[in-house]
Amino acid sequence: MAGYRRQLYRDDAVVLRVQKLGESDRIITLLTRRHGRIRAVARGVRRTTSRFGARLEPFGHVDLQLAGDPKGNQGSSLHTVSQVEGIDLYGKRFLGDYPRYTAASAIAETAERLTPVEREPSLRLFQLTLGALKALARGEHATTLVLDAYLLRGMSLAGWAPALVACAVCGTPGRHRAFSVPAGGAVCPDCRPPGAAHPAPATIDLMSALTSGDWVVADATDPGVRRECSGLVAAHLQWHLERALRSLPLVDRGAPAPGAPPPGGAGPGAVPPRVGPATAAVFRERTE
């Protein structure tokens, strides 16, 4: 449109991902407070003279001024970053901590997958994502517990919460020993499909505690229960996303006991044993 000038607006956001564009620019994927997930071009941020390149790294909470139509009715779907101020750059705290870095990467990738439509406001997911990164930065709880709590609550926002206190099929209340991802969670003996998992009762209790925010119960669990919980949560999430998350298998969840099966079994949500720091190179693909 002749004479069209791009609208300026401000918002605060969590940086989910960065990608190279040309020789000196980057495309920044942001989860904003008021405008949902957007993508914006940051001009010249890869130059050593850039004024705000260091503020636009993954996992940072930033305040931005953007050029573009926030409703997407005019011009390109790519907005342009014109100003940025760092509120809290959590990524700097994770660089030397492989478990927290991989967990933060899984949180960022999940947030992007849970917002398939750009510029669709999702305040609760923004607050959940920001809160999870803050919790990782503070280190008050085990890294895997923070990640699994985020995944469970994120699925609740999306309408995919696993059934934990009643049968997912018939609704019969009570603690049921079987868990079926295709069925939607815990299932009673009458509704149990072939191939259903049989997690320990403490594992279902942990999933309930993480969903409700009962950290007293969650922090008291042992590593074996946490690994089994992680496998079920990962399998349930990826079943509903209909594709695997690249970052989840690389999360450091500790070494399993000798001879123990992978958490969650051999299905799509299985979590492999501890991986070495060299695997972090895979994450560079999300930032290049």
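Residues numbered from 1 in each chain as written. Predicted model: local features only at pLDDT ≥ 70, side-chain atom pairs only at ≥ 80, totals over all residues. Heavy atoms only, no water.

A. Region of the structure containing the nonpolar core. Phe94, Leu133, Leu147, Tyr150, Met207, Leu210 and Leu248 are the most contacted members of the largest nonpolar core, which totals 50 residues. Of all the secondary structure elements, the ones that give two or more residues to this core are strand E1 (8-21), helix H2 (98-113), helix H3 (123-138), helix H4 (143-158), helix H5 (201-212) and helix H7 (223-241). Judged by nonpolar contacts, the second largest core, of 18 residues, contains Val18, Phe52, Val81 and Leu89. (Core = buried A, V, L, I, M, F, W, Y, C linked by side-chain atoms within 4.5 Å. Buried < 20%, exposed > 50% of the residue type's maximum accessible area, 1.4 Å probe, protein only. Helix = DSSP H or I, 4+ residues; strand = E, 2+ residues; numbered from the N terminus.)

B. Geometry of the sheet that holds strand E5 (residues 79-89). Taken in spatial order, the 5 strands of this closed barrel run E1-E2-E3-E5-E4, and their pairing is mixed. Across the sheet, the mean angle separating the axes of adjacent strands is 45° when strand polarity is ignored. Pairing analysis gives 7 bridges linking E1 to strand E4 (residues 60-67), with the strands arranged antiparallel. Each residue of the ladder has a partner; that of Arg10, found in E4, is Gln65. Sheet strands touched by H2: E1, strand E2 (25-32) and strand E3 (36-42). Its angle to E1, the strand with the most contacts, is close to 115°. This element, H3, spans E1, E2 and E4 of the sheet and lies at about 60° to E1. (Pairing = 2+ DSSP bridges. Axes fitted to C-alpha atoms, helices over the stretch in contact; angles between N-to-C directions. Contact = heavy atoms within 4.5 Å.)

C. How the structure looks around the pairing of E4. Of all 8 residues in E4, 7 are buried; the element is thus mostly enclosed. Sheet topology note: the E4/E5 ladder contains 8 bridges and is antiparallel. Bridging across to E5, Asp63 finds its partner in Glu85.

D. Seen up close, H5. In this model, H5 (12 residues) spans 17 Å end to end at C-alpha, consistent with the 16 Å of a helix rising 1.5 Å per residue. Along H5, the positions that sit buried rather than exposed are Thr203, Ile204, Leu206, Met207, Ala209 and Leu210. Tucked inside the fold, the buried residues of H5 contact H4, strand E6 (178-180), helix H6 (215-219) and H7. Phi turns positive one or two residues past the end of H5, at Gly213, with a value near 85°. (Expected span 1.5 Å × (residues − 1).)

E. Highlighting the pattern of salt bridges. The full count for this structure, using the stated rule, is 14 salt bridges. Between Arg34 and Asp11 there is a salt bridge, and its shortest N-O distance comes to 3.3 Å. Of the two residues, Arg34 sits in the loop between E2 and E3 while Asp11 sits in strand E1, which places them 23 residues apart along the sequence. Taking the shortest distance from any N to any O, the salt bridge between Glu112 and Arg17 comes out at 2.5 Å. Here the residue Glu112 occupies a position in helix H2, and Arg17 occupies one in strand E1, the gap between them amounting to 95 residues. Residue classification places Arg17 among the buried residues on the basis of a relative accessible area of 19%. (Salt bridge = Lys/Arg side-chain N within 4 Å of Asp/Glu carboxyl O.)

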